[in-house]
Structure formats: structure tokens, C-alpha cells
Amino acid sequence: MSKESTTHCPVVCAGMVVTDHLCTPIARLPAAGELVAADELVLNIGGGAANVAVGLARLGIRAAVCARVGDDIFGRFATETLVANGVDVQAVKVDPQRATSQTLIVNVRGEDRRFIHAIGANLGFVTSDLDAVLEPSPRVLYIGYFLIMPGLDADGLAARFAGARARGTLTVLDVALPGPGEYLEPLCRVLPETDVFLPNTDEAALILGGETDPVTQAILFRGLGARRVIITRGSQGAVAVSRDLQARLGTYPVSFVDGSGGGDAFVAGYIAGLLDGLPELDCLKLASAIGASCVRAVGTTAGIFTRPEADAFIARHELSVESI
């Protein structure tokens with residue numbers, strides 16, 4: 001990749017790129033051998049790196065994606081969709097040995113989503129892949145879905161975060177967990193070089209050995225070195241803890257269709273606020289509005305506000321904020 005390829009991209013989004021197969025909400029799960037009709041089946045991109053980059057593009061911010069896809073139709077679909085959304089894909093590598101990562105997302109009315117996932121080419125993503133996008137230094141380096149990609153090692157990531165921060169880059173970390181496991185030790189090596197850490201409360205509970213209180217979760221992660229911690233809680237809002245702000249946030253009113261990508265849209269909104277130099281609470285309001293906009297449509301990016309839409313929405317609605 002040439003140095004010029006990401007020169008004009010203030011944000012690098014690295015980590016998982018996935019092709020998602022989704023259904024519009026169905027009445028119930030089918031029994032064995034039964035067919036249940038959905039109004040529509042949707043093919044979409046997914047994964048933290050892709051979702052955040054497209055969310056940023058909707059907000060008028062150009063981002064580069066650093067990731068791996070397979071040499072197959074789904075890899076081409078993912079790459080072409082990113083390009084169509086104005087995302088720089090020069091650092092997206094094609095893995096000739098593995099298929100593109102895919103997720104089957106089943107939406108049932110009134111229930112949380114169900115996921116069936118094949119990690120595919122994301123198995124081949126390694127920490128040294130980041131080296132292609134760190135010179136020149138981006139303003140923000142976002143890692144999507146740390147802890148689920150075995151090649152993204154903690155020591156290597158911590159070293160690259162440290163180097164990026166020394167050059168003025170803000171580091172933003174999100175995680176994804178395949179289930180119960182030993183996650184705290186690798187995370188402890190990366191958090192001291194992390195400016196913003198944004199797990200959801202279920203992920204935080206798995207990492208912290210069963211601790212379910214979001215305020216306690218945020219305080220513990222702050223104690224491990226993260227400068228700002230935001231625990232996202234879906235329909236229950238979020239908890240934010242930093243040196244300057246400790247607050248519980250509510251949610252904005254929207255019609256819920258599909259929660260896929262809502263957390264990644266929140267991240268995109270928060271990064272947009274950081275780039276604008278907004279006060280921390282205003283970053284959180286923008287993040288909450290973008291996250292809320294995402295759940296109005298099927299898929300991880302279809303419903304996301306543009307920046308004028310987000311600003312108008314925020315002006316019309318209050319977000320509850322309670323100091324803690």
C-alpha cells in the first residue's frame with residue numbers, strides 16, 4: 001500500500017470485516033423441518049471495522065479499513081460495498097486460503113438477535129497488518145473486535161497503540177467475545193495504551209468474571225488504564241466514566257427494527273465527536289443518536305443518520321444524563 005492511500009483518511013478502522021446474511025423480523029423460530037416466511041432477506045457487510053467505517057462515511061468522514069477477506073464472491077461484495085460507501089480499502093488483504101467471514105443473523109420479533117458465525121479470513125488477520133496504515137499517522141485508530149481474532153496479539157497491539165499515541169493518534173478499542181474465556185490478562189496489556197474503551201455490558205461481565213454492574217465495570221476498566229470507558233447497554237443506554245465525566249446515559253426514542261450494528265454505529269458517532277473536538281458529553285450524545293438511528297432498519301448500516309440528520313435529531317430530543 002502506498003503512503004498516499006490513507007493520507008486523507010483521518011480514521012483507520014482495523015479488525016473484522018464480515019458479510020452478514022439477515023432476515024427481517026419473523027414471528028418465531030421455525031421448528032425442525034418447518035419453513036417460516038420473512039418479508040425480506042438481506043445481504044450486508046458487517047464486522048466492527050466495516051460498520052464503523054461506513055458509519056463514519058455517512059457522517060461525512062473518510063476512513064480506511066485494514067482487514068482481510070477471502071478470494072470469493074462475499075469478499076468482493078464486502079470490498080465493493082465499502083468502496084461504494086466511500087471507504088478506503090487499500091489495506092484490505094485477500095486471503096487465498098480462507099473464505100470471507102460470514103454471519104447468519106436471525107431476527108425474531110420481541111427477542112434479541114441470534115448469530116451463527118464463521119470466522120473465515122479473520123483468522124488470518126495479524127497485528128503486523130496494522131503497520132501498513134500507521135504511517136502517516138491517522139487522527140484515530142479504531143480496533144474492532146479485539147479478543148475474537150487470534151492473530152491480533154495483545155503485546156503487538158499494545159506496542160502499536162503506544163507508538164500511535166506517541167505520534168498524536170487517539171486509540172479506540174472495542175471487543176467481541178466468542179463465549180466464556182480468559183480475557184482479562186491480554187486486555188490488561190492493551191488498556192494502558194487505550195484512549196477510549198467501549199465494550200457492551202455483557203462483554204464486560206465475561207471479561208471481569210461475572211461483574212454485572214455497569215458502573216463498577218467502567219471503574220474497573222479505568223483502573224486498568226483506559227482513559228475513557230463507555231459501557232454500552234443497548235436499550236438501557238450507556239455508562240461513561242473518565243477523569244472529567246461519570247454519568248449514566250439514557251436512550252433516544254426511535255422505532256426498533258434490528259439491533260445489528262447498533263454498538264458499532266455508537267462508536268462511529270463517538271469518533272465523529274472526537275474529530276470535531278466536542279466536549280465529552282456532546283460526543284456521547286452524538287454517539288447515542290447514531291446508535292439509535294442504526295436500529296431503525298435491517299442490517300448494520302442502512303438506517304444510520306447523516307450528520308445533518310443527527311444534529312437535527314439531537315436538537316429535537318433530550319438525552320437523559322444522570323451523574324454517578
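> Which residues make up the overall build of the protein chain, and what values go with them?
Scanning the protein chain from terminus to terminus reveals nine helices and 14 strands. Once the C-alpha set of the protein chain is aligned to its principal axes, its extents read approximately 55 × 50 × 40 Å. Expressed as a percentage of its 324 residues, the buried residues of the protein chain come to 55%. The contacts of the protein chain with a sequence gap of at least 6 include a subset with a gap of at least 24, amounting to 72%. Only carbon and sulfur atoms are counted for the fraction: they give 53% of the accessible area of the protein chain, which is about 13400 Å².

> Give a detailed account of the pattern of salt bridges, specifying residues and quantitative values.
By the definition in use, this model includes 19 salt bridges. In this structure, arginine 68 engages aspartate 129 in a salt bridge whose closest nitrogen and oxygen atoms are separated by 2.9 Å. Placement of arginine 68 in strand E4 (residues 63-70) and of aspartate 129 in the loop between strand E7 (114-118) and strand E8 (140-146) is noted, with a sequence separation of 61 residues between them. Each member of the pair, arginine 68 as well as aspartate 129, is classed as buried. Across the pair arginine 189 and aspartate 155 runs a salt bridge, and its minimum N-O distance is 3.0 Å. Placement of arginine 189 in helix H4 (residues 184-190) and of aspartate 155 in helix H3 (residues 154-166) is noted, with a sequence separation of 34 residues between them. The partly exposed category is assigned to aspartate 155, whose relative accessible area is 46%. Overlapping salt bridges bring together Arg165, Glu193, Asp195 and Arg227 as one network.

> Please give an account of the packing of helix H1 (residues 48-58) against helix H7 (residues 262-275) that cites residues and values.
Relative to each other, H1 and H7 sit at 50°, their axes nearing to 8 Å. In terms of axis orientation, H1 runs oblique to H7. Seen from above, H1 lies across H7 with right-handed handedness. Between H1, through Gly48, Asn51, Val52, Gly55 and Leu56, and H7, the contact on the second element is made entirely by Asp264, Val267, Ala268, Ile271 and Ala272. Classifying every residue of the contact of H1 with H7 by side-chain character gives six nonpolar, three polar and one charged.

> Lay out the sheet that holds E7 in plain terms, naming residues and giving numbers.
Sheet architecture is open: four strands sit in the order E3-E2-E6-E7, paired in mixed fashion. Every interior strand has two partners, whereas the edge strands, strand E3 (41-46) and E7, have only one. On average, each strand axis in the sheet is tilted by 20° relative to the strand beside it, whichever way the strands run. The pairing of strand E2 (residues 18-23) with E3 spans six bridges and is classified as antiparallel. Looking at E3, one finds that leucine 22 is bridged to valine 42. Its contacts with the sheet place helix H2 (residues 73-84) against E2, E3 and strand E6 (102-106), and it is angled at close to 70° to E3.

> Help me get a handle on the layout of surface pockets, residues and values and all.
Looking at the second largest pocket, its volume works out to about 220 Å³. Surrounding the second largest pocket, 14 residues form its lining, Cys23, Ala38, Leu41, Leu104 and Val106 being those nearest its centre. For the lining of the second largest pocket, the elements supplying multiple residues, two or more each, are E2, E3 and E6.

> Quick rundown of the nonpolar core? Include the residues and the values.
If you look at the biggest cluster of nonpolar residues, it comprises 55 residues, and the most contacted ones within it are Val11, Cys13, Leu56, Val65, Val172, Ile230 and Ile271. Per-element tally for this core: the top contributor is H7, with nine residues. The contact partners of valine 65, leaving out residues within four places of it in the chain, are Cys13, Val17, Ala49, Ala53, Leu82, Val87, Asp88, Ala91 and Val92. Within the second largest apolar cluster, 46 residues are counted, among which are Cys66, Leu134, Ala154 and Ala176.

> Talk me through the side chain of aspartate 72; I want residue IDs and the actual numbers.
Relative to the elements of secondary structure, aspartate 72 occurs in the loop between E4 and H2. One buried charge, aspartate 72, has no salt-bridge partner; the nearest side chain with opposite charge is arginine 76, at 6.1 Å. Setting aside anything within four residues of it in sequence, one finds aspartate 72 in contact with Ala99 and Thr100.

What counts and how
- Counting starts from 1 at the beginning of each chain's written sequence and moves along it residue by residue.
- In keeping with the predicted nature of the model, local features appear solely for residues at pLDDT of at least 70, side-chain atom pairs appear and are counted solely at 80 or more, and the whole-chain, interface and lining totals rest on all residues.
- Note that the side-chain values use all heavy atoms of the structure and ignore hydrogens as well as water.
- What counts as a helix is a DSSP run of H or I of at least four residues, what counts as a strand is a run of E of at least two, and both are numbered from the N terminus.
- Whether a residue is buried, partly exposed or exposed follows from its accessible area with a 1.4 Å probe, protein chains only, as a fraction of its type maximum: under 20%, in between, or over 50%, in that order.
- Contacts are assigned to residue pairs that have any heavy atoms within 4.5 Å of one another.
- Here the Shrake-Rupley method, with its probe set to 1.4 Å, supplies the accessible areas, and only the displayed protein chains count as covering residues.
- What counts as a salt bridge is simple: a side-chain nitrogen of Lys or Arg found within 4 Å of a carboxyl oxygen of Asp or Glu.
- Comment: axis = line fitted to C-alpha atoms, over the contacting stretch for helices; angle = value between 0 and 180 degrees taken between N-to-C directions.
- For this classification, under 35 degrees means roughly parallel, over 145 means roughly antiparallel, 65 to 115 means roughly perpendicular, and everything else is oblique.
- Here a crossing is taken to be left-handed if its near helix is turned anticlockwise relative to the far helix by less than a right angle, and right-handed if that turn runs clockwise.
- Here the term charged refers only to Asp, Glu, Lys and Arg, the term nonpolar to Ala, Val, Leu, Ile, Met, Phe, Trp, Tyr, Cys and Pro, and the term polar to all other amino acids, Gly among them.
- When DSSP locates at least two bridges between a pair of strands, those strands are taken to pair.
- A cavity here means a set of points on a 1 Å grid, drawn over the protein atoms and nothing else, where a 1.4 Å probe fits but cannot get out; a pocket is an open set with protein on both sides within 12 Å along at least five of seven lines, and a residue lines either one if it has an atom within 4 Å of a point.
- Grid points are joined across faces, edges and corners, and a volume is the space filled by probe spheres set on the points.
- To define a nonpolar core, start from buried Ala, Val, Leu, Ile, Met, Phe, Trp, Tyr and Cys residues and group those joined through side-chain atoms within 4.5 Å.
- Counted as positive: Lys and Arg. Counted as negative: Asp and Glu. His and the chain ends are not counted at all.

Function-wise, these values are silent; they only describe arrangement.
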